Every structure is written in structure tokens, then in C-alpha cells.
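Understanding the architecture of this molecule
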Amino acid sequence: MRVIASLGASLLLSAALGFGAQDPEALLRSGQRWLDAGNARAAVESFRRLVAAAPDSRSHYYLGVALLQDDRPEEAVGALRRAESLAETPNPALTLSLGTALLRTGASQEAIEVLMQGARHFPRAAPILVQLGYAHYTRLEGEMAREALRRARAVAPNNAQAPFYLGLAEAALGALEPAAEAFGKAVVLDPGNFEAHVALGRTLAQLGRPERAREAYRAALATAPGLPAALVGLGRLELEAGRPEGAVASFEAALAAAPRHRQALYNLAAALALLGRMEEAAAVRRRFAEAAAAGEEPGRSLSRTRSKARPR
């Protein structure tokens with residue numbers, strides 16, 4: 001029955017993609033429906049047919065967006081460059097998508113050039129300014145990141161991404177008070193941004209405000225239960241308060257969600273050693289060394305861009 005069901009689904013997909021193969025508007029609507037449904041692979045096929053039927057800037061743009069959402073940034077760059085060459089006038093959505101695709105390929109300098117040009121054409125386009133700021137941040141260009149992100153906040157005070165990335169830039173520059181203010185604004189504008197809650201907690205902890213930091217970590221856990229970064233943050237607060245038993249509980253909870261989380265392992269070993277549980281601490285240190293040697297990431301990066309290009 002599974003084989004039959006799979007075959008039926010395949011036939012339905014083929015029929016949907018083939019329907020209206022010579023009708024650009026039908027292909028456009030089909031691709032947009034696939035994107036809205038979260039099926040980027042099917043959207044790519046629809047938009048490839050659209051490009052064949054009507055090889056204009058719009059069709060290449062939509063193909064690039066679909067490829068980007070299908071995690072194929074190199075191909076997306078090609079489609080979006082073609083869309084750019086065919087466009088009669090600059091387009092902010094195209095600029096944002098191309099800049100995002102270039103960033104995801106690692107071509108950060110090219111991305112900055114594209115986004116800076118877009119910011120000149122569209123000085124009030126906050127998403128372009130946010131992505132420009134993030135691009136500078138990835139290149140450790142803190143001052144330029146700060147400038148672009150402050151501009152984004154000025155033109156779009158309700159944009160929730162601008163204060164989040166501004167907070168990252170301020171923290172990287174060592175400006176902890178402005179970073180805390182920015183992260184605080186980010187969580188007000190987007191309470192579901194657990195990364196902003198964690199970043200706020202870390203910054204408040206660095207500023208010596210443990211109770212407020214604890215509140216921020218708990219807010220992150222309310223949004224994302226079991227989030228290792230928040231549990232590690234709470235554990236470190238317990239350690240600093242001289243409560244290693246509570247720290248052990250937090251670090252073990254983090255490891256239950258992410259067994260090779262390096263920060264949790266490192267800090268758990270320290271907490272166990274403080275409790276005199278040396279054999280357990282040594283075993284955890286071995287686990288940490290194995291995770292470090294494997295080059296595993298400690299968790300989702302706070303600096304990962306949340307910007308997504310959406311078709312206009």
C-alpha cells in the first residue's frame with residue numbers, strides 16, 4: 001500500500017507540475033502555492049517550467065527564491081543574477097534575495113556590494129539594511145554592522161530583526177549596555193525569538209544582573225522547551241551563585257536534549273569537580289574532548305541569519 005500511495009502522490013505531483021505547462025500565469029500560481037505549502041523542491045520545478053515558457057526577470061527571480069528556500073544557494077545566485085540582468089529597474093526583493101544567496105555561499109564581500117547598492121536605491125528598505133548589517137557582522141566589521149542596523153531601526157522601528165542583529169553587533173564591539181537595550185527591544189517586538197531571549201540573558205549575566213538574566217533564559221525556555229543554550233545559561237548562573245548541584249541539573253537537562261553539546265559538557269565537568277565527583281567529572285571531560293575533536297557545533301548559532309527572501 002505504501003508503494004501504491006507513493007506512486008499516486010508522484011503521479012499527482014507530475015500532473016500538477018505539468019498542468020498549464022505553456023501558461024506562465026498558471027505556472028507562477030502553481031509555484032507560489034508550492035512555496036506557501038513549504039515544498040520548495042516542487043516550486044523549483046514549476047518555476048523552471050515558467051523560465052522555459054517566459055524567460056524574463058520575474059521568472060528567474062522566482063526560480064532563484066525557490067532554489068534558495070530549497071537550500072541550493074549556488075544555483076540561486078545564478079538564477080538571481082540572470083533576473084538582475086533582465087530587470088528594467090532595480091527591485092528591492094531581488095536585491096535582498098541575491099544578497100542572501102551570496103551570503104549563504106560564503107561570498108560575503110559580493111553580498112555586501114549588492115546590498116550596499118540596494119541600500120542606495122532603496123534607503124528605507126529595512127530588510128536590505130538588516131541583511132547588510134548581518135553581512136558586515138559575519139566579516140567582523142562591527143562598526144559598519146552597527147551603522148547599517150541603526151539605520152534599519154530608524155526607518156522601521158517595528159522591524160524585529162534589526163534590534164536583534166544590532167544587539168549582536170554591539171555585543172561584539174563590547175558595548176554591553178546598548179546590546180542589552182537592543183536585545184530587550186527585540187524580544188518585545190518578537191517574543192517568540194528564543195535566540196534573542198538567550199542573547200539578552202547572556203548579556204545581562206555579563207553585566208552582573210543574574211536575576212534578570214535568569215528571567216530571560218526562562219522566557220527562552222517558555223518559547224523553546226529544552227533549549228540547550230538557555231539551560232546552559234541557567235546552569236552557569238547557578239555555578240556563579242555557588243550552587244553546583246543546581247548547575248549539574250541544568251547542564252544534564254541540556255545534554256538530554258543535545259548529548260554532545262560542548263558548553264554543557266565543559267561546564268558539567270566543572271560543576272561535578274566542585275562537588276568532589278572526580279571520576280564523573282573526568283568521564284565528562286572525555287566526552288567533551290571527543291565532541292571537540294569531532295568539530296561538532298555546540299548548538300544553533302545566535303548569529304545565523306533569520307532573513308528569508310519572499311516573493312513579491
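Residues numbered from 1 in each chain as written. Predicted model: local features only at pLDDT ≥ 70, side-chain atom pairs only at ≥ 80, totals over all residues. Heavy atoms only, no water.

As for the overall build of the chain
Helices and strands together make up the secondary structure of the chain, namely 17 helices and zero strands. Burial status across the chain gives 47% buried among its 312 residues. Summarising the internal contacts of the chain: among those between residues at least 6 apart in sequence, 51% fall at separations of at least 24. Carbon and sulfur atoms provide 54% of the accessible area of the chain, an area that totals close to 15400 Å². (Helix = DSSP H or I, 4+ residues; strand = E, 2+ residues; numbered from the N terminus. Buried < 20%, exposed > 50% of the residue type's maximum accessible area, 1.4 Å probe, protein only. Contact = heavy atoms within 4.5 Å. Areas by Shrake-Rupley, 256 points an atom, 1.4 Å probe, with all protein chains shown as cover.)

Describing the packing of aromatic side chains
The final tally for this structure, using the stated rule, is seven aromatic pairs. The structure contains a cluster of three or more aromatic residues connected by ring pairs, namely Y134, Y137, F164, Y165 and F183. (Phe/Tyr/Trp six-rings, centres within 6.5 Å; stacked < 30°, edge-to-face > 60°.)

Comments concerning the pattern of salt bridges
Inspection of the entire model under this criterion finds 17 salt bridges. One salt bridge connects R139 with E141, and the closest N-O pair in it is separated by 3.1 Å. Residue R139 is classed as partly exposed on the basis of its relative accessible area of 33%. On the accessibility criterion, E141 (19% relative accessible area) is buried. Measuring nitrogen to oxygen at the nearest pair gives 2.8 Å for the salt bridge that ties E211 to R214. Taken together, the residues span about one helical turn, with E211 and R214 both in helix α13 (residues 210–223) at a distance of three residues. Of the residues examined, E211 reaches a relative accessible area of 52% and is grouped as exposed. Taking the relative accessible area as the measure of exposure, R214 reaches 8% and is therefore buried. Here the residues in one salt-bridge network are R41, R48, D70, R72 and E75, joined through shared partners. (Salt bridge = Lys/Arg side-chain N within 4 Å of Asp/Glu carboxyl O.)

Notes on the confidence of the model for the chain
For the chain, the average pLDDT comes to 89, and 88% of its residues sit at 70 or higher. Confidence drops under pLDDT 50 across residues 1–20; counting only partners more than four residues distant or on other chains, this segment forms 14 contacts. Low pLDDT, under 50, characterises residues 298–312; the predicted model gives this stretch 49 contacts beyond four residues in sequence or across chains. (pLDDT = per-residue confidence, 0-100.)

Observations concerning unusual backbone geometry
A positive phi angle, near 60°, is found at D71, a position not held by glycine. With respect to the helices, strands and loops of the structure, D71 is situated in the loop between α4 (57–69) and α5 (73–86). The class for D71 is exposed, based on a relative accessible area of 60%. The residue L140 is not glycine, and still its phi comes out positive at about 60°. Of note, L140 is situated in the loop between α8 (126–138) and α9 (142–155).

Considerations on the packing of α4 against helix α6 (residues 92–105)
Packing of α4 against α6 leaves a shortest axis separation of 10 Å and a crossing angle of 35°. For the element pair α4 and α6, the recorded crossing hand is left-handed. Counting all contacts with α4, which are made through Y61, V65 and L68, the residues of α6 involved are A93, L94, S97, T100, A101 and R104. Among the residues making up the contact of α4 with α6, the classes are represented as six nonpolar, two polar and one charged. (Axes fitted to C-alpha atoms, helices over the stretch in contact; angles between N-to-C directions. Left-handed = near helix turned anticlockwise from the far one by under 90°. Nonpolar A, V, L, I, M, F, W, Y, C, P; charged D, E, K, R; others polar.)

Comments concerning α13
Residues three or four positions apart in an α-helix share a direction because the helix packs 3.6 residues into each turn. End to end, α13 covers 20 Å across 14 residues, agreeing with the expected 20 Å (1.5 Å per residue, within 8%). When α13 is considered as a whole, its buried residues turn out to be A213, R214, A216, Y217, A220 and L221. Burial along α13 is one-sided: seen end-on, the buried residues are contained in an arc of 160°. Turned more than 90 degrees off the buried face of α13, the exposed positions are E211, E215, R218 and A222. Buried residues belonging to α13 abut α12 (194–206) and α14 (228–240). (Expected span 1.5 Å × (residues − 1). Arc of directions from axis to C-beta.)

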